[in-house]
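Here is how the chains run, residue by residue.
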Amino acid sequence: RSLLQAMNSDRFSQFKERFCVFLTEELPPRTTKGRGKLIRKAAPRSLRSRFEAVCAFVPVLQSEPTPENYHALRIATKRFRYTAEFFREVYSEGLEGIIRQCVSIQDALGDVHDVDVHKEYLDQTLANLPAGPDSDVETARRQAIPSLISAEADRRQEQQVKFDRLWKIWSQKKERKRMGKVFGHVKLTGS
């Protein structure tokens, strides 16, 4: 009902008219002169900024390896990866390996986060089972939930080891420096 009211309003009618004019207006011609210089400047700067945001987690995770910090690192890695994927076409080499590493880090941290959330849910479910004489269902739950929690702990450990192996590479100053150099090697396709 609210949607229909909004679509029948004067405000929406005015929007449709203005948008129709916008779509049919001829845009001023754009020149391509100088575009290469913009990409040549924007790509390294954008990549370096996102990369530094990821690298900022090296000391953070050494002192506070909390689920919140792992989650924040996953988001920073995702943003860096998307930026690298966006600029991949203007780089002759180097970004593909970095993108694959970002995907691996994201996957491992995503699985760690999923396990943490699932374990919290299982802990709460176990704690909220009614006290007193158990029905067959409650008995089965009391027996199954600790097994699930144990399996999730194993899964978390496996993903943590995977992440730690990848992060060890990124934590090395020499490796971060090598990756950072890649951002300066822009090739302009078609030039």
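A few points on the structure.

What counts, and at which threshold
Residues numbered from 1 in each chain as written. Predicted model: local features only at pLDDT ≥ 70, side-chain atom pairs only at ≥ 80, totals over all residues. Heavy atoms only, no water. Helix = DSSP H or I, 4+ residues; strand = E, 2+ residues; numbered from the N terminus. Buried < 20%, exposed > 50% of the residue type's maximum accessible area, 1.4 Å probe, protein only. Core = buried A, V, L, I, M, F, W, Y, C linked by side-chain atoms within 4.5 Å. Phe/Tyr/Trp six-rings, centres within 6.5 Å; stacked < 30°, edge-to-face > 60°. Contact = heavy atoms within 4.5 Å. Disulfide = S-S within 2.5 Å.

Moving on, we get to the environment of alanine 151. Positionally, alanine 151 belongs in helix 7 (residues 136-171). Judged by relative accessible area, alanine 151 falls into the partly exposed class, the value being 41%. Separated by 36 residues in sequence, alanine 151 and valine 115 have C-alpha atoms that sit 9.8 Å apart.

With that settled, consider the nonpolar core. One finds Phe80, Phe163, Trp167, Trp170 and Phe183 to be the most contacted residues of the largest nonpolar core, which totals 30 residues. Listing elements by their share of this core, those giving two or more residues are helix 3 (35-55), helix 4 (57-63), helix 5 (67-87), helix 6 (95-127), helix 7 and helix 8 (173-182). Counting residues per element, this core draws most heavily on helix 6, which supplies seven residues.

Using the criterion set out here, one finds eight aromatic pairs in the structure. On the basis of an interplanar angle of 85° and a centroid distance of 5.0 Å, the ring pair of phenylalanine 86 and phenylalanine 87 is categorised as edge-to-face.

Okay, the environment of leucine 122 next. Position of leucine 122 among the secondary structure elements: in helix 6. Separated by 30 residues in sequence, leucine 122 and glutamate 152 have C-alpha atoms that sit 9.9 Å apart. Aside from chain neighbours lying at most four places away, what touches leucine 122 is Ile145, Leu148, Ile149 and Glu152.

Bringing the side chain of glutamate 152 into the picture now. Among the structural elements, glutamate 152 can be located in helix 7. Its relative accessible area of 9% is what places glutamate 152 among the buried residues. Once residues within four sequence positions are removed from consideration, glutamate 152 is found in contact with Val115, His118 and Leu122.

The next subject is the state of the cysteines. Structurally, a disulfide amounts to a covalent bond that connects the sulfur atoms of two cysteines. Inspection of every chain in the model, using the stated rule, returns zero disulfides. In this structure cysteine 55 is a free cysteine whose sulfur lies 9.8 Å from that of cysteine 102, the closest cysteine sulfur available.

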